[in-house]
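Structural features, examined
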Amino acid sequence: MFGYVTVNKPEIKFKDFDMYRSFYCGLCRELRERYGIPGQISLTYDMTFVVLLLSGVYEPPTQKGTSRCAVHPLKPQPVRRNAITEYCADMNVILSYYKCMDDWQDEHKPLRYAYARLLKTGGEKHMAHYPEKIRRIKEALMELSSLEKQGETDVDRVAGCSGRIMEEVFAFRKDVWESSLRRMGFYLGKFIYILDAYDDVEKDAENGNYNPFLKKYKMEGFEEEIRRMLTMMLAESCREFERMPVIRYGDILRNILYSGVWCRFTAIGQKRREERQAGGSSSLDDMIAYVDENGNITDTPPQLRPKVEIQLEDIVIATPKKEDIAAEPLKGRVEYFNTEKGYGFIKDLASTEKYFFHISSAPEGIGEGRIVLFELMRGTRGMNAVKIAFAQ
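Here's what I pulled together on the structure shown here. (Residues numbered from 1 in each chain as written. Predicted model: local features only at pLDDT ≥ 70, side-chain atom pairs only at ≥ 80, totals over all residues. Heavy atoms only, no water.)

**Topic: the pairing of strand 6 (residues 343-348)**
Sheet topology places strand 5 (residues 330-338) next to strand 6; six bridges connect them, and they run antiparallel. Bridging from a neighbouring strand, Phe 337 pairs with Gly 344 of strand 6. Linking strand 5 to strand 6, which pair antiparallel, is a turn of four residues; within it Gly 342 sits at a positive phi near 75°. The loop that links strand 6 with its antiparallel partner strand 7 (residues 354-358) comprises five residues; one of these, Thr 352, has a positive phi angle of about 65°. (Pairing = 2+ DSSP bridges. Helix = DSSP H or I, 4+ residues; strand = E, 2+ residues; numbered from the N terminus.)

Next up, the structure:
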């Protein structure tokens, strides 16, 4: 988690901001008591959002109080704590621990390993309460690490690993709201990954690190493409949020979802525009990037290609008969599948369009992440994927 999911302070009411800060301080205090100072260091705004969301959905009994800390040693700060803050403190430390261990295994950073050991030593008994969540989080991190090592450029695929991690965090209970919470967490996790990659792309290019946008970030329209991606992810997340009966803390959560999460994106874009204006450029050609026949970015303009002469008799102007058109199956990836209700969505790898499918049209063993071949058939609400088969 990267601290992108926070409030837009100029747009939030004073009383709502005080409420938000009291939960932030409550989570900080919970981390300190359960995991010591190492746990307190892992505190993020993102997890504070989760505390407010789950508290709004389930409305558990909440204790109010005050507390002093190193940041506010003189004036006691209001704090709010409940069963959700305990859960989110554990999730915060679990994510921090396994992210540090992943960094240690990939890059052998000794400080990350030392911090991970401190977290586990201080709170192993609390972390042991979530074996299934830990298993799924570890699997997603391992897949993400593998894709990054392969240099995967399919942003949707790598961001999906982050989405699966977040959906585990959002799924507080197995109840009627679990499905909506999981979908909301999944798309918000993808949003966070894409925004973080956009934030770091120039630094990663300079340091030779992996980033899914390395081949795109110099191209015209890159920022607008990122905006479209983020908008789609957030639209799906907000759609699930609005389906849930969140009354308490609703104004704070909407401030974050509809305004706060965009503050960092706007700040990144503004900073880069200012840097380009300050740096200047010798000519327009210096600002243009080209793509060669292999899809690589280059500053060399494409050579003029020789003209191909076409004979008049080779030109056929006609509409082919329907039986002459071979209906080739499309290739896609299963983006979402609800095993309980028997439906899901497949993303076309060529067009990136998503199509609904029912389990009756799918082979046994269908699941998220599987590559499949399928055909399209018009349904009552649009095109549906049918005749689904696993790709060889």
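Back to the text.
**Overview of the packing of aromatic side chains**
One pass over the full model with this rule turns up 20 aromatic pairs. Taking the centre distance of 5.2 Å and the plane angle of 80° together, the rings of Phe 23 and Tyr 249 count as edge-to-face. One end of the pair, Phe 23, is in helix 1 (residues 14-41); the other, Tyr 249, is in the loop between helix 8 (222-243) and helix 9 (250-279), and 226 residues separate them in sequence. Take Phe 23: its relative accessible area is 0%, and that puts it in the buried class. An aromatic cluster of three or more residues is present, and its members are Phe 191, Tyr 198, Phe 213, Phe 222, Trp 262 and Phe 265. We note Arg 173 situated over the ring of Tyr 58; from NZ or CZ to the ring centre the distance is 4.7 Å. Sitting above the plane of the Phe 390 ring, Arg 370 keeps its charged end 3.9 Å from the centroid. (Phe/Tyr/Trp six-rings, centres within 6.5 Å; stacked < 30°, edge-to-face > 60°. Buried < 20%, exposed > 50% of the residue type's maximum accessible area, 1.4 Å probe, protein only. Lys NZ or Arg CZ within 6 Å of the ring centre and 35° of its normal.)

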